[in-house]
Amino acid sequence: MSRAGGIPRRPLAALVAAAAVLGLSVAPAAAAPAAEPHLQSRYVTMPDGVRLAVDVWLPEGTTAGANLPTVLVTQRYWRARVYPGAPGNGGRSSDADGWNAHGYAYVVADLRGTGASFGTLSSELGADTVADSGPLSDWIAAQPWSNGRVGTTGVSYGGDTAMLATALGNHHITAAAPISYDFDPYEDLVRPGGLLIEPRIAPYALLLRILDQAGGTTCDTDEQTRQVCAATGLTGAVPRPVDGPDGPALLAAARAEHAGNANLVDMAEAGVYRDYQDGPKSWTVGSVGEKADAVEAGGVPVLTDAGWLDAGTANGVLSQFTGLSNTQDAWIGPWSHGQGYLADPFQPARHLTDQERAQIAQRTFDFFDRYVRADGRPDGTRQLHYYTFNEGVWRTTTRWPLPGTRPQRLYLGEDTTLSRRRPEPDDRPGADLLRLDPTAGTGPLDRWNTNLTGNQVSYPDRAAVDAELLSYTTPPLTGDTRVTGNGRVTLDVTGLDGTAQGALHVYLEDVAPDGRVTYLTEGQLALADRAVADRDDNPDWRRLRTPRSYAATDAAPFPQGRARQVTIDLQPVAVLFRAGERIRLTVAAANPDSFQLLPADGRASYRIGHGGADPSFLELPVVRSTP
């Protein structure tokens, strides 16, 4: 028999029996607290009375006092879908399973005006939509299983709302992990360079109309809607109703309120300029940059992931990293939108492996463990981890631009050359003719497509496309050249025909010794938005971008017959040009695969000048040393 301090230990049954012999009463054991449901679908009422549909996923066996950290996702594309009459409807969630297994409550809500939530969506990423994350976090913190701390996360639109929630000043929100999010929807997605991604936005907006049944649009409206539903798995699906016998009736009542939801295409077409405002609809209301002061005041630490070839998400992360003082752990890698595929132009597209996905998930777990599970105090540390194309190497920095970065100019010259030699002012200037080609684009699987579909990113050999455009190429490089950051192109442009409302597109490319041309990045500009502002007027979050307002008051038709210097920002990139390869700049007047044609009839021509007093040049951020 084991002993402790000389007192023999007796089995509990023996002690109870002894007490009975002595006539002592024994209090019955307290009943175990009842476990909370693993999944509960219910409504949470907002301060203005609008009811939001919420799914609460708890680890099995959770009881009051569990002191759980919580992950909050606010979803535009339905928090869950069910197929009436089909077995196993909505009984599992891989995201919820992952977080529950890690000891977190997982709460996902339909945004107001979407899914099974009540209300009408007056604007995409509207002020009331974003504000709802505050009361939702308050509700979570009041639950008996909560530790009072909430981490917001989400992918794409859910990432947008997760990041915008950091501007609310809600003390329960202690961390955010927005994935593939749009820092500034105007510049980084819908109208980069002031140009509408018209061919991409239209099918996406139709998907939203189907989800909302806006204007009576359903999967059965026409052949196009049937195709969209078949491709997205929406055929026969409805949002999950809340629990209880009244769930289906409440779902029907909620969806009836969505019929008048705002139409994204209408706003995208009407909102030509950044200062567009129509009631609750504006570009600034959904911009993190425009809320920078509030985000900084809230002090919420941020973990974020973006892909170099995912629309303008990398540009947004760099704006966040350089423009916000919050504690940050930022990653820019070779990923499609939502990190479903490898997106490295020097490698074939493929699905990420299970190991790669697990590594990404683990760093989110670790970040939330520090600030949501535990009461970690943000200390202002900022780290940026970035991947370099044509090298396949990850590096980490605390400064951007990178130490050792120097701008290097490559000047356009005769015979479509690109050279480091700056032309002398008295050199004879030259020019090349550029005609708008309405067929030469970037293909169906480019960076703008992935952001709205989640598809892979694939840029085939561009040699044939370049032959139809205007390309300037260096001689073979004598040594490796590392480019990391935001480049820009300044062109001496003369409008010839149809250019008053024209546009220019530029592409940075790598030319291999065998002649293969690899797309690296691009820039574009509606020429009406060419005005450059005073640098002092450039908001801090735009410090890496050319000072430009994109405001209606600064827009002007592009003159014909007179040369003008036009500066176009390139989307950021990290790439190693190896010795023997060549650097190429290609200029176009259209990208029909992803952008509206300007002018609309597709007829325009320009003269691109080089040499002389106002030379055209490509400016690249060349890194002399790397950390």
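Residues numbered from 1 in each chain as written. Predicted model: local features only at pLDDT ≥ 70, side-chain atom pairs only at ≥ 80, totals over all residues. Heavy atoms only, no water.

## Some details on the environment of V300
- Relative to the helices and strands, V300 resides in the loop between helix 11 (292–298) and strand 13 (302–307).
- We classify V300 as buried; its relative accessible area is 5%.
- Residues in contact with V300, not counting those within four places in the same chain, are T166, I173, T174, A175, A176, V295, N326 and T327. (Helix = DSSP H or I, 4+ residues; strand = E, 2+ residues; numbered from the N terminus. Buried < 20%, exposed > 50% of the residue type's maximum accessible area, 1.4 Å probe, protein only. Contact = heavy atoms within 4.5 Å.)

## Observations concerning the packing of helix 7 (residues 198–212) against helix 8 (residues 223–232)
- Taken N-terminus to C-terminus, the directions of helix 7 and helix 8 make an angle of 85°; their axes are 10 Å apart at the nearest point. The angle between helix 7 and helix 8 falls in the class roughly perpendicular. Between helix 7 and helix 8, the contacting residues are L206, L207 and I210 on the first element and Q224, T225, V228, C229 and T232 on the second.
- Each residue belonging to the contact of helix 7 with helix 8 can be placed in one class, and the counts come to 5 nonpolar, 3 polar and no charged. (Axes fitted to C-alpha atoms, helices over the stretch in contact; angles between N-to-C directions. Parallel < 35°, antiparallel > 145°, perpendicular 65-115°, else oblique. Nonpolar A, V, L, I, M, F, W, Y, C, P; charged D, E, K, R; others polar.)

## Remarks on the state of the cysteines
- Enumeration over the complete set of coordinates arrives at 1 disulfide.
- Across the disulfide from C219 sits C229; the S-S distance is 2.0 Å. Between C219 and C229, the S-S torsion sits near -90°, and that sign places the bridge as left-handed. Taken as a pair, C219 in the loop between helix 7 and helix 8 and C229 in helix 8 lie far apart in primary sequence, 10 residues in all. (Disulfide = S-S within 2.5 Å.)

## A look at the confidence of the model for the protein
- Here the protein averages 94 in pLDDT, while 94% of its residues score no lower than 70.
- Counting contacts from residues 1–27, a segment whose pLDDT is below 50, to residues more than four positions away or on other chains yields 9 contacts. (pLDDT = per-residue confidence, 0-100.)

## Focus: the environment of D55
- The residue D55 is located in strand 4 (residues 51–57) in this model.
- The spacing of D55 and L384 is 329 residues in sequence and 34 Å in space, taken between C-alpha atoms.
- Setting aside anything within four residues of it in sequence, one finds D55 in contact with L39, Q40, S41, R79, A80, Y106, V107, V108 and R240.
- Within the structure, the side chain of D55 is placed 2.6 Å from the side chain of S41, a separation counted as a polar contact. (Polar contact = N/O pair within 3.5 Å; in protein donor to acceptor, adjacent residues only side chain to side chain.)

## What about the pattern of salt bridges?
- One pass over the full model with this rule turns up 31 salt bridges.
- For D375, the salt bridge is made with R377, and the minimal N-O distance between the two is 2.9 Å.
- Classification of R377 by relative accessible area gives exposed; the value is 64%.
- Between E391 and R482 there is a salt bridge whose closest N-O contact spans 2.6 Å. Note that E391 is positioned in the loop between strand 17 (382–388) and strand 18 (393–397) and R482 in strand 23 (residues 481–485), a separation of 91 residues in sequence.
- Given a relative accessible area of 24%, E391 falls into the partly exposed group.
- Relative accessible area serves as the criterion here: at 16%, R482 is assigned to the buried category.
- Among the charged side chains, a network of salt bridges with common partners joins D184, E187, D188, R274, E290, R542 and R545. (Salt bridge = Lys/Arg side-chain N within 4 Å of Asp/Glu carboxyl O.)

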